[in-house]
Amino acid sequence: LLSPLADLLVKKFLPLWVAPNLVTLLSLTPSLMGYALLCYDSSDFRAPAQAWCLVAAGMCTFVYQTMDNMDGKQARRTGMSSPLGLLLDHNVD
């Protein structure tokens, strides 16, 4: 499900000049937003989170995973695969 979606998004929306490492770094945004929402809703992590918060965090995770898939596809598409990109990708994951 994620791989065909990521492939479509890369071909339609990412120009060739966009560095895959930029996509990797930008993918941190939805991931951190999901964590921030959970912290906001249940600051002590003892009370259960509200349904809206769980849905929003799930959507943030979906966007993050899609962008994580897109960075590798962009790297292969542009021929910009590198050991640094691999290290960055694994550390962001």
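Since this is a predicted model, take the numbers as computed values, not measurements.

## Structural notes on the nonpolar core
Right, so step 1: Residues Ala6, Val10, Leu14, Val18, Val23 and Met70 constitute the largest nonpolar core, which totals 6 residues.
Right, so step 2: Ignoring anything within four residues of it in the chain, the contact list for Leu14 reads Leu9, Val23, Met70, Gln74 and Arg77.

## Notes on helix α4 (residues 51-78)
Right, so step 1: Between its terminal C-alpha atoms α4 stretches 40 Å, which fits the 40 Å expected from 28 residues at 1.5 Å a residue.
Right, so step 2: One or two steps after α4, the chain reaches Gly79, where phi turns positive at roughly 70°.

## Description of the environment of Leu22
Right, so step 1: In this structure, Leu22 sits in helix α2 (residues 20-26).
Right, so step 2: Judged by relative accessible area, Leu22 falls into the partly exposed class, the value being 41%.
Right, so step 3: When the C-alpha atoms of Leu22 and Val55 are compared, they prove to be 27 Å apart, with 33 residues separating the residues in sequence.

## Re the packing of helix α3 (residues 28-41) against α4
Right, so step 1: At their nearest, the axes of α3 and α4 sit 8 Å apart, and the two run at 165° to each other. Taken together, the axes of α3 and α4 lie roughly antiparallel to each other. Considering the relative orientation of α3 and α4, their crossing is left-handed. Every residue of α4 that contacts α3 at Pro30, Ser31, Met33, Gly34, Leu37, Leu38, Tyr40 and Asp41 is listed here: Trp52, Cys53, Leu54, Ala56, Ala57, Cys60, Val63, Tyr64 and Met67.
Right, so step 2: In terms of residue class, the contact of α3 with α4 is built from 14 nonpolar, 2 polar and 1 charged.

Quick notes on the rules
For every chain, the first residue of the written sequence is number 1, and numbering continues from 1 onward in sequence order. It should be noted that, the model being predicted, local features are given only for residues of pLDDT at least 70 and side-chain atom pairs only at 80 or more, the latter also being counted only at that level, while totals for whole chains, interfaces and linings use all residues. Side-chain numbers come from the whole structure's heavy atoms, not from hydrogens or water. Nine residue types can take part in a nonpolar core, namely buried Ala, Val, Leu, Ile, Met, Phe, Trp, Tyr and Cys, and a core is a set of them joined through side-chain atoms within 4.5 Å. Buried means the residue's accessible area, taken with a 1.4 Å probe over protein chains only, is under 20% of the maximum for its type, while exposed means over 50%, and partly exposed covers the values in between. Two residues form a contact once any of their heavy atoms are found within 4.5 Å. Helix numbers and strand numbers start at the N terminus; a helix is a DSSP run of H or I with at least 4 residues, a strand a run of E with at least 2. An expected span of 1.5 Å times one less than the residue number is assigned to each helix. Lines fitted to C-alpha atoms define the axes, with helix axes restricted to the stretch in contact, and inter-axis angles between N-to-C directions lie between 0 and 180 degrees. These descriptions rest on fixed angle ranges, namely under 35 degrees for roughly parallel, over 145 for roughly antiparallel, 65 to 115 for roughly perpendicular, and the rest for oblique. Note: crossing handedness is left-handed where the near helix turns anticlockwise from the far helix by less than a right angle, and right-handed where it turns clockwise. Just so you know the grouping, Ala, Val, Leu, Ile, Met, Phe, Trp, Tyr, Cys and Pro go in nonpolar, Asp, Glu, Lys and Arg go in charged, and all remaining residues, Gly too, go in polar.

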